[in-house]
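Survey of secondary and tertiary structure
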Amino acid sequence: MCLSRFVLLIFLVVVLPAVSADATRDLVTMVGGPYFDVKLGRKDGLESKAHKVQGNVPMPNQTVHDIHGMFKKNGFSLREMVALSGAHTIGFSHCKEFSDRLFGSKADPEINPRFATALKGLCKNHTVDDTIAAFNDVMTPGKFDNMYFKNLKRGLGLLASDHLLIKNNSTKPFVELYATNEKAFFEDFARAMEKMGTVGVKGDGEGEVRRRCDHFNNLNV
């Protein structure tokens with residue numbers, strides 16, 4: 001029954017109960033995104049360990065190949081992965097997740113110059129204040145739309161993994177499609193989210209409905 005940050009929910013829905021997915025869907029529609037069905041009845045897991053996150057949640061500096069590998073093992077196509085990446089049309093990321101694109105000898109020259117200057121000003125103190133963050137979509141941060149994909153074509157992708165979607169020959173066609181056709185993005189995103197709700201459903205004895213989000217029930221189920 002636990003709720004998580006929106007973007008994390010998109011990638012962790014395979015291990016979260018239906019109520020969390022339901023809340024995600026409601027948030028998407030509240031800010032202008034597509035409606036999609038959520039099948040109810042998912043259970044919470046019986047363990048929660050940090051080391052199991054690695055390899056199951058995309059990291060900001062991973063390659064398209066590595067990120068797609070995470071989706072592929074759960075039956076998702078490259079197109080579905082790109083559609084789900086469109087969740088970055090809302091939400092935010094902390095400076096530490098993209099600062100290496102801004103500072104030092106390995107700064108990314110492909111970031112839009114004005115965007116890079118603004119981010120440098122925002123993140124100049126990120127090493128002493130790790131709460132500083134930037135919107136994933138600087139143009140329409142509070143609206144679920146296809147601006148994320150338009151931004152990628154303008155050098156306005158915030159994370160390295162975002163920018164790679166327009167650089168990679170296998171994902172670029174989908175970015176260009178969604179940038180010009182919001183209806184196609186909405187339809188693909190909705191279908192992919194519905195599909196996510198059917199992955200890794202826990203059977204009898206494999207999960208529980210927690211009484212509190214942050215505590216196991218300590219019952220034999």
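Residues numbered from 1 in each chain as written. Predicted model: local features only at pLDDT ≥ 70, side-chain atom pairs only at ≥ 80, totals over all residues. Heavy atoms only, no water.

**Focus on the packing of helix 4 (residues 78–85) against helix 8 (residues 172–180)**
It is at 10 Å that the axes of helix 4 and helix 8 come closest, and there the two elements cross at 45°. It follows that helix 4 is oblique to helix 8 by the angle criterion. Between helix 4 and helix 8 lies a crossing of right-handed hand. The residues of helix 8 that touch helix 4, namely those facing L78, R79, V82 and A83, are F174, V175, L177 and Y178. Partitioning the contact of helix 4 with helix 8 into residue classes produces seven nonpolar, no polar and one charged. (Axes fitted to C-alpha atoms, helices over the stretch in contact; angles between N-to-C directions. Helix = DSSP H or I, 4+ residues; strand = E, 2+ residues; numbered from the N terminus. Parallel < 35°, antiparallel > 145°, perpendicular 65-115°, else oblique. Left-handed = near helix turned anticlockwise from the far one by under 90°. Contact = heavy atoms within 4.5 Å. Nonpolar A, V, L, I, M, F, W, Y, C, P; charged D, E, K, R; others polar.)

**Side note on helix 8**
Among the residues of helix 8, those classed as buried are F174, V175, Y178 and A179. Down the axis of helix 8, the buried set is contained in an arc of 135°. They therefore lie on one face. The elements touched by buried residues of helix 8 are helix 4, helix 6 (147–153), helix 7 (160–167) and helix 9 (182–196). (Buried < 20%, exposed > 50% of the residue type's maximum accessible area, 1.4 Å probe, protein only. Arc of directions from axis to C-beta.)

**A closer look at the packing of aromatic side chains**
Here the structure, examined in full by the defined rule, presents eleven aromatic pairs. Within the aromatic cluster, the residues linked to one another by ring pairs are F36, F144, Y148, F149, Y178, F185, F186 and F189. When the ring centre of F76 is taken as reference, the NZ or CZ atom of K195 above it lies at 4.9 Å. (Phe/Tyr/Trp six-rings, centres within 6.5 Å; stacked < 30°, edge-to-face > 60°. Lys NZ or Arg CZ within 6 Å of the ring centre and 35° of its normal.)

**Thoughts on the side chain of R25**
With respect to the helices, strands and loops of the structure, R25 is situated in helix 2 (residues 18–30). Owing to a relative accessible area of 8%, R25 belongs among the buried residues under this scheme. Not counting residues up to four positions away in its chain, the partners in contact with R25 are Y35, F36, D37 and V38.

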